[in-house]
Amino acid sequence: MAFDQLPVEEQGAYLRQEGVHSEHIEMWREKMQKSLQPESADKRTERGELVYRVMDLERELLRKDKALAEAAAILILKKK
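Note on numbering: residues in each chain are counted from 1, in written sequence order. Per-residue local features of the predicted model are confined to residues with pLDDT of at least 70, and side-chain atom pairs are confined, for both listing and counting, to 80 or more; whole-chain, interface and lining totals are unaffected and use all residues. Hydrogen atoms and water are omitted, and side-chain values are computed over all heavy atoms in the structure.

Chemist: Help me understand the confidence of the model for the chain, please; the structure alone is not making it clear to me.
Modeler: As a general rule, the predicted coordinates of low-pLDDT regions are not to be interpreted in detail. Confidence along the chain averages 88 in pLDDT terms, with 100% of residues attaining 70 or more. The element-level mean pLDDT for the chain is lowest in helix 1 (residues 2-5), coming to 81, with helix 4 (residues 41-79) highest at 91. The quantity known as pLDDT measures the predictor's confidence residue by residue, on a range of 0 to 100. Secondary structure is summarised from DSSP: a helix means a run of H or I of at least four residues, a strand means a run of E of at least two, and numbering begins at the N terminus for each.

Chemist: Looking at this structure, I do not really get the layout of surface pockets. What am I missing?
Modeler: Any empty space left between atoms is shown by rolling a water-sized probe over those atoms. Buried and open spaces are told apart on a 1 Å grid over the protein atoms alone, a cavity being a set of points where a 1.4 Å probe fits but cannot get out and a pocket being an open set with protein on both sides within 12 Å along at least five of seven lines. Residues with an atom within 4 Å of a point are the lining residues. Grid points are joined across faces, edges and corners, and a volume is the space filled by probe spheres set on the points. Considering only enclosed or pocket space, the largest pocket measures out at about 210 Å³ in volume. Forming the walls of the largest pocket are Met1, Phe3, Asp4, Tyr14, Glu18, Val20, Ile25, Trp28, Arg29 and Met32. Only helix 1, helix 2 (8-18) and helix 3 (22-36) provide two or more residues apiece to the lining of the largest pocket. When residues in the lining of the largest pocket are grouped by element, the largest group, four residues, is from helix 3. Under the grouping applied here, Gly and all other residues not named as nonpolar or charged are polar, the nonpolar ones being Ala, Val, Leu, Ile, Met, Phe, Trp, Tyr, Cys and Pro and the charged ones Asp, Glu, Lys and Arg. Across the lining of the largest pocket, the residue classes tally to seven nonpolar, no polar and three charged.

Following this line, the structure appears as structure tokens:
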């Protein structure tokens, strides 16, 4: 924002002082504008689907961990 408030003649000096390039300013502007736009329904449903997928995978991992622990316990008992 400080960059945009400067006159054109002083913007180059400001960039050199801060150690950034004009491409960075453009990239930051694009990212800010994208973040201000409302999210589409497709992205929300996609995110919801991903959340449920992660939950399912975590449940499956927990189940497999329990089965592995049980198998390890059985092996230990067989050795004794």
